[in-house]
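Notes for the structure review
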Amino acid sequence: MKKNQGTVSCQIELRPGERLVLPDEIQQQVGPGSWVITIEPADGAQAPSIRDHRAFLNGYAPEDEGLYEEE
């Protein structure tokens, strides 16, 4: 864990089914006030893709075929 001029960070690993719980060391350093919590994948880890076009592509019904073709 690193503490740097008001910034506290640590690296954790969650297994399937586990819930995120902040370590006690962090909870003890965070007090009253306004805080921003940022979560990002650790180096080398792959984040799940946010962009997913399936909803757009699945929005067309077979009846729509040809609607946008130029004559």
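See above for the structure.
In this report, the structure presented in the accompanying data block is examined. (Residues numbered from 1 in each chain as written. Predicted model: local features only at pLDDT ≥ 70, side-chain atom pairs only at ≥ 80, totals over all residues. Heavy atoms only, no water.)

**Things to note about the overall build of the protein**
A count of helical and extended segments in the protein gives two helices and two strands. Its helices and strands in sequence order give the protein the pattern β-β-α-α, from N to C terminus. Burial status across the protein gives 1% buried among its 71 residues. Surface accessibility of the protein: about 7600 Å² in total, with carbon and sulfur atoms responsible for 49%. (Helix = DSSP H or I, 4+ residues; strand = E, 2+ residues; numbered from the N terminus. Buried < 20%, exposed > 50% of the residue type's maximum accessible area, 1.4 Å probe, protein only. Areas by Shrake-Rupley, 256 points an atom, 1.4 Å probe, with all protein chains shown as cover.)

**Things to note about the environment of Gln11**
Mapped onto the elements of the fold, Gln11 is located in the loop between strand E2 (7–9) and helix H1 (24–29). Gln11 gets classed as exposed once you look at its relative accessible area, which sits at 67%. Between the C-alpha atom of Gln11 and that of Ala42, which follows or precedes it by 31 residues, the distance is 7.2 Å.

**Some points on the environment of Thr7**
Relative to the assigned elements, Thr7 resides in strand E2. You can call Thr7 partly exposed: its relative accessible area is 47%. Each C-alpha atom, one on Thr7 and one on Val30, is 9.9 Å from the other, the two residues being 23 residues apart in sequence.

**A few points about a nonpolar patch on the surface**
A surface patch of nonpolar side chains, amounting to about 590 Å² of accessible area, comprises Ile12, Leu14, Leu20, Leu22, Ile37 and Ile39. Within the element layout of this structure, Leu20 appears in the loop between E2 and H1. (Patch = residues over 30% accessible without salt bridge, like charges linked within 9 Å, V, L, I, M, F, W, Y side chains within 5 Å. Salt bridge = Lys/Arg side-chain N within 4 Å of Asp/Glu carboxyl O.)

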